[in-house]
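Structural features, examined
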Amino acid sequence: MLAGSENAELEARVAEEIRADIVAQVWQIAATEGQVVAEGEPIVILESMKMEIPVVADVPGTLVSLAVSEGDVVQEGDLLAVLE
Amino acid sequence: MMTSARTTTSPSLTDVDFRRPQLRIAALLDEGTVQALHAPDESGVLAARGRINGVRVIAYCTDATTIGGAMGAHGCRNIVEAIDTAVRERCPVIGLWHSGGARLAEGVEALDAFAQVFAAMIRASGRVPQISVVLGPAAGGAAYGPALTDVVIMAPAGRVFVTGPEVVRSVTGEQIDMEGLGGSTAHGTKSGVVHIIADSERDANVRARRVTSLLAKPGLFDLRAVQDTDDLRALLPDRSQRAYDIKPVIRKILDTDVHESGAFEEFQAKWAPNVVTGLGRLGGRTTGVVANNPLRKGGCLDSLSAEKSARFVRMCDSFGIPLLVLVDVPGYLPGVEQEWGGVVRRGAKLLHAFSEAVVPRVTLVLRKSYGGAYIAMNCRALGATAVFAWPEAEVGVMGAKAAVSILHRKTLAAASDAERPALEAQLIVEHEQIAGGVARAMSIGVVDEVIDPATTRQVVAEALAAAPAGRGSHGNIPL
């Protein structure tokens, strides 16, 4: 992973993998492939611990691909989406 | 390569090595306040006194321009004297680290010297704030230096590891570079070794100065400054089962710093993010915040977040920093990995840390607090100064729906498919009347008061200010 402000442009084009941080069921897909998402915008909403947990973009970018569908059960660490 | 952006983007500095300790210390401290503690020497360490925002501090810096900053007996002695001086003069001590570790040529003497540095840090632990800024590779002995201090800040060129990539490859066959092994991602997200990841060397100094001011100039509660009445409940989603990010809530409760951005100095932001720990000011007074973050793992407590919180609580207690504990927790995270990973042992650290803490510590339940996690999040019996709740909060063993499914399992199973939903709904209502909300908790005295969210700042600040100021008599072991 790259660090440093002079690499910011390059970093923006590096793919960011969004992964589940808890075992959960995919409750709702909140964004579509190709959509430009802002920082903090939900991509997928997981259901776990009796809660709806939005999984949000950490940085702004384009949602390149979704790796899950509604109803899928995911384990901690499973890939949910790829952002660029 | 260790040389960072500075030498390529600042042409005026190409003939001056910014890694010289004199320059690094001058960049950290208030201009014109630097006074060396010793005559210039070849030790590889410069120690000096000076000021940060007017506060007297001691600083030491390894000389990265000479054999990669490696240190022997003389350099380590300079650090020991710097730390001992800071303890005597009761001021914070900041170490600027860029060192390959012990000077090989000095053999065991160098090892012994490092051990003396560690001993000095441990003597100082909890007595004066110790802050480390890792500016380049800090390897071997130089890794354990920062590890023993209270707050570790890492600049982009910073690396921390006990054994470097070459040795790792020859022993285990793993191929990884210095950055992967011990850089920002490793220690900011995986290990928890670094508390603050800075985005440049200048930023690292800014953060070190901020933390120093928060710890060394704690201030006093000014209750006139907390009379604002923003409805904080509006920051939460309408649906009680929807998770949200706790950080905007924290920032709204703490003072906004009109002079700088980032009034909340978060520690270990990307490690165990299901709990948020950090320092800010409330009514002008430095306050530590421990808060569940529902957006991460539903806000569940687990091994890492319990450990993260416990260390932070003990650090605050060591320095007399009052604590604000914001609770919205569904419970502990279940799982084999958690149990085998020692959630019992590590969760116990948080119970112990809160209970042992003598600083004022106020708990506010925002939405829910269930089960063992209710206990761990600074509950009444662990000695909370005060426990408040917002009106819709629930405190209980578990949520009503889950409780009913266990308590009335047979009754529900016996009902027909058509009847069951209505029956379940009725049982939930009845259960809530007995055990729900905070009524029960209030009747037994474990919640003191339900408060209007718009008065949050005022209520919690008053409770913290009214409590006798205490300061723990223990050190800050790197838990």
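Residues numbered from 1 in each chain as written. Chains lettered and ligands numbered in written order. Predicted model: local features only at pLDDT ≥ 70, side-chain atom pairs only at ≥ 80, totals over all residues. Heavy atoms only, no water.

Section: the overall build of chain B
Counting its regular elements, chain B contains 19 helices and 16 strands. Computed over C-alpha atoms, the radius of gyration of chain B comes to 25 Å, within 12% of the 23 Å expected from 2.2 N^0.38 for 479 residues, which places it in the range of a compact globule. With the principal axes as the frame, chain B shows a C-alpha extent of 85 × 55 × 40 Å. Looking at chain B as a whole, 55% of its 479 residues qualify as buried. A separation of at least 24 residues holds for 72% of the contacts in chain B among residues at least 6 apart in sequence. A total accessible area of about 20400 Å² is found for chain B, and carbon and sulfur atoms account for 56% of it. Between the mean site of the 50 positive side-chain charges and the mean site of the 50 negative ones, chain B shows a separation of 2 Å. (Helix = DSSP H or I, 4+ residues; strand = E, 2+ residues; numbered from the N terminus. Rg over C-alpha atoms; globule rule 2.2 N^0.38 Å. Buried < 20%, exposed > 50% of the residue type's maximum accessible area, 1.4 Å probe, protein only. Contact = heavy atoms within 4.5 Å. Areas by Shrake-Rupley, 256 points an atom, 1.4 Å probe, with all protein chains shown as cover. Lys, Arg positive; Asp, Glu negative; His and termini not counted. Charge placed at Lys NZ, Arg CZ, Asp CG, Glu CD.)

Things to note about the overall build of chain A
A tally of helices and strands in chain A yields one helix and eight strands. Counted from the first residue to the last, chain A has its helices and strands arranged as α-β-β-β-β-β-β-β-β. The buried share of chain A, taken over its 84 residues, is 32%. Sequence separation of at least 24 residues holds for 52% of the intrachain contacts in chain A that already meet a minimum separation of 6. Only carbon and sulfur atoms are counted for the fraction: they give 51% of the accessible area of chain A, which is about 4500 Å².

A closer look at the packing of helix H2 (residues 21-28) of chain B against helix H9 (residues 201-216) of chain B
Residues and elements named next belong to chain B. In the contact formed by H2 and H9, the axes pass within 9 Å of each other and the chain directions differ by 50 degrees. Taken together, the axes of H2 and H9 lie oblique to each other. Here H2 contributes Arg-24, Ala-27 and Leu-28 to the contact with H9, which in turn contributes Glu-201, Asn-205, Ala-208 and Arg-209. (Axes fitted to C-alpha atoms, helices over the stretch in contact; angles between N-to-C directions. Parallel < 35°, antiparallel > 145°, perpendicular 65-115°, else oblique.)

Notes on the sheet that holds strand E5 (residues 51-56) of chain A
Residue and element names in this part refer to chain A. The four strands lie next to each other as E5-E4-E2-E7, forming an open sheet whose pairing is antiparallel. In this open sheet, the two edge strands, each paired with only one partner strand, are E5 and strand E7 (73-74). Where strand E2 (residues 24-29) and strand E4 (residues 42-48) come together, four bridges link them in antiparallel fashion. Residue Val-26 lies in a different strand from E4, and its bridge partner there is Leu-46. (Pairing = 2+ DSSP bridges.)

Describing the environment of Val-73 of chain A
Residues and elements named next belong to chain A. Turning to its location among the elements, Val-73 is positioned in strand E7. Relative accessible area serves as the criterion here: at 56%, Val-73 is assigned to the exposed category. Not counting residues up to four positions away in its chain, the partners in contact with Val-73 are Ala-24 and Gln-25.

A few points about the confidence of the model for chain B
All names here are of chain B. The predicted model of chain B averages 94 in pLDDT, with 96% of residues at 70 or higher. Note on residues 1-7: pLDDT under 50 across the span, and ten contacts to partners over four residues away in sequence or across chains. Our summary of model confidence lists the complex with pTM equal to 0.92 and ipTM equal to 0.86. (pLDDT = per-residue confidence, 0-100.)

Brief notes about the packing of helix H11 (residues 303-318) of chain B against helix H13 (residues 343-356) of chain B
Residue and element names in this part refer to chain B. For the pair H11 and H13, interaxial distance at closest approach is 8 Å and the crossing angle is 25 degrees. The angle between H11 and H13 falls in the class roughly parallel. At the point where H11 passes H13, the crossing takes the left-handed sense. In this structure, H11 contributes Ser-303, Leu-304, Ala-306, Glu-307, Ser-309, Ala-310, Val-313, Arg-314 and Asp-317 to the contact, and H13 contributes Val-343, Arg-346, Gly-347, Lys-349, Leu-350, Ala-353, Phe-354 and Glu-356. Classifying every residue of the contact of H11 with H13 by side-chain character gives eight nonpolar, three polar and six charged. (Left-handed = near helix turned anticlockwise from the far one by under 90°. Nonpolar A, V, L, I, M, F, W, Y, C, P; charged D, E, K, R; others polar.)

Section: the confidence of the model for chain A
Taken over all residues, the pLDDT of chain A has a mean of 87, while the share at 70 or more is 85%. Counting interchain partners and residues more than four positions distant, the pLDDT-below-50 stretch residues 1-7 of chain A has nine contacts.

Things to note about the nonpolar core
Residues and elements named next belong to chain B. Core analysis: the biggest nonpolar cluster contains 63 residues, and Leu-279 and Met-315 have the highest contact counts within it. Broken down by element, the residue count for this core peaks at six residues, all from H11. Ignoring sequence-local partners within four residues, the contact set of Met-315 consists of Asp-150, Val-151, Leu-215, Phe-267, Leu-279 and Asn-476. In terms of nonpolar packing, the next biggest core, distinct from the first, is built from 31 residues, Cys-76, Trp-97, Val-134 and Ala-138 among them. (Core = buried A, V, L, I, M, F, W, Y, C linked by side-chain atoms within 4.5 Å.)

Examining unusual backbone geometry
Excluding glycine, a negative phi dihedral is what most residues carry, and trans is how most peptide bonds are arranged. Residues and elements named next belong to chain B. A positive phi is found at Ala-272, a non-glycine position, where the angle reads about 50 degrees. Within the secondary structure layout, Ala-272 lies in the loop between strand E9 (265-267) and strand E10 (275-282). Even without being glycine, Lys-297 reaches a positive phi, approximately 55 degrees.

Some remarks on the sheet that holds strand E1 (residues 16-19) of chain A
All names here are of chain A. Judged by pairing direction, the sheet is antiparallel, and its four strands sit side by side in the order E1-E8-E6-E3 without closing on themselves. Either end of the sheet is taken by a strand with one partner, and the two such strands are E1 and strand E3 (36-37). Across three bridges, the pairing between strand E6 (residues 61-66) and strand E8 (residues 79-83) is antiparallel. Bridge assignment links Leu-66 to a residue of E8, and that residue is Ala-81.

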